[in-house]
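Residue-level structural notes
Spelled out from the first residue to the last, the chains are:
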Amino acid sequence: MQVDKGILRDAALPHPSSAEAGDGRGRAWVVTAVLVASAAVVFLDKALLGLVAKPMSEDLGLSAAGFGSLGSASYLLFGATCVIVSFAAQRISPRWVLLVCGILWALGQIPAIFVAGGAMLYASRIVVGAAEGPADPLSMTTLYSWFPNDRRGLPQSLYTAGAAVAKIAMAPLLTLVIVGFGWRAGFVTVGVLALAWSALWLVTGRLGPYGAPMGTSTGRAAGGGERVPWRKALLNRTFIGCFIAYFAQNALAAIVFTWLPSYFENALGFSPTSRTRWASRRRPPDRCSACPAPSASWRWSRRGW
């Protein structure tokens, strides 16, 4: 039987004292809440283009093909920056990398406020997408640094549910802003939220006791396990399965984000507000079920199921 080396390595880490654990527990959930907020901001940015599709296309004279190209621009450098930033994050704290990402999310909305053509808007979407690419892995790295290996299921589920929070609570409000003040106001709103999140992250964002930087005693203990070659990691069956599933999920998400709002509005005759409300209804059940699932699967795996 093979033993998960991550579990053994995590067990070998120097655990905080009782006092430190009490203080760290509160801080851990604060960091978790801020990271959940980042997931909500990223979701709103991805959904924004679909929400403003009709008025923006009419204003800028975009064809369906032009709008589709604009929708795909966010994914052009998405994967590349994930890989590049993952190497940089080994030398630079994820706290600072995430801060830069948040600032780029905000700055990337500015061209849409003043743009009179599609070229600059296309370039801005590439920048925003490149900054969103590393957000998930860096957020998970930071999140895991605050919890031992057997307590990471719930915070991970909460982070994943951040998109549902945005869709249920914030997307309808963003739609009201767009309807009331115009499509450019949607970009202003997302930019302000991204800037506010960056300021909050600057104050609260830290690595936890289970993810100290390399070079410290804790970091050496955490990294003291066997180093797995890249070839072995990339050819691992679990990685390949997750890669295929994530590819399919994001391919579907890209289509939904870009075209589903337009389909509801143009083909089915929904108003912008009713369209958003209808699309939000399916999210609570699946996200609520996501919260207990990781904790249960961890317990089952410990029992050898």
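Residues numbered from 1 in each chain as written. Predicted model: local features only at pLDDT ≥ 70, side-chain atom pairs only at ≥ 80, totals over all residues. Heavy atoms only, no water.

**A short note on the side chain of E132**
Checked against the element boundaries, E132 lands in helix 8 (residues 118–132). At 5.1 Å, K46 is the nearest oppositely charged side chain to E132, a buried residue that forms no salt bridge. Not counting chain neighbours up to four residues away, the residues in contact with E132 comprise V42, D45, K46, F78 and W105. (Helix = DSSP H or I, 4+ residues; strand = E, 2+ residues; numbered from the N terminus. Buried < 20%, exposed > 50% of the residue type's maximum accessible area, 1.4 Å probe, protein only. Lys, Arg positive; Asp, Glu negative; His and termini not counted. Salt bridge = Lys/Arg side-chain N within 4 Å of Asp/Glu carboxyl O. Contact = heavy atoms within 4.5 Å.)

**Re the packing of helix 11 (residues 162–181) against helix 12 (residues 183–204)**
Between helix 11 and helix 12, the least distance of the axes is 6 Å, while the angle of their chain directions is 135°. The angle between helix 11 and helix 12 places the two elements in the oblique class. Once helix 11 is placed against helix 12, the crossing between them reads as right-handed. Side by side, helix 11 and helix 12 meet where M170, L174, V177, I178 and F181 of the first sit next to W183, A185, G186, T189, V190 and L193 of the second. In terms of residue class, the contact of helix 11 with helix 12 is built from nine nonpolar, two polar and no charged. (Axes fitted to C-alpha atoms, helices over the stretch in contact; angles between N-to-C directions. Parallel < 35°, antiparallel > 145°, perpendicular 65-115°, else oblique. Left-handed = near helix turned anticlockwise from the far one by under 90°. Nonpolar A, V, L, I, M, F, W, Y, C, P; charged D, E, K, R; others polar.)

**Focus on helix 5 (residues 78–88)**
For helix 5, the full list of buried residues reads F78, T81 and V85. Burial along helix 5 is one-sided: seen end-on, the buried residues are contained in an arc of 60°. (Arc of directions from axis to C-beta.)

**Re the packing of aromatic side chains**
Each aromatic ring pair is specified by the distance between its two centres and by the angle formed by the two planes. Summed over all chains, the structure comprises eight aromatic pairs. When the centroid spacing of 6.0 Å and the interplanar angle of 40° are considered together, the rings of Y75 and F78 count as tilted. On the basis of relative accessible area, Y75 is assigned to the partly exposed category, the value being 25%. For F78, a relative accessible area of 13% corresponds to the buried category. Between W105 and W197, the ring centres sit 5.5 Å apart and the planes meet at 35°, which makes this aromatic pair tilted. Of this pair, W105 sits in helix 6 (residues 94–107) while W197 is found in helix 12, placing the two residues 92 residues apart along the sequence. The two residues W105 and W197 agree in class, both being buried. Connected via pairs of aromatic rings, a cluster forms that spans W105, W197 and W201. When the ring centre of W96 is taken as origin, the NZ or CZ atom of R95, which lies over that ring, is 4.3 Å away. (Phe/Tyr/Trp six-rings, centres within 6.5 Å; stacked < 30°, edge-to-face > 60°. Lys NZ or Arg CZ within 6 Å of the ring centre and 35° of its normal.)

Any functional reading would require information beyond the geometric quantities listed.
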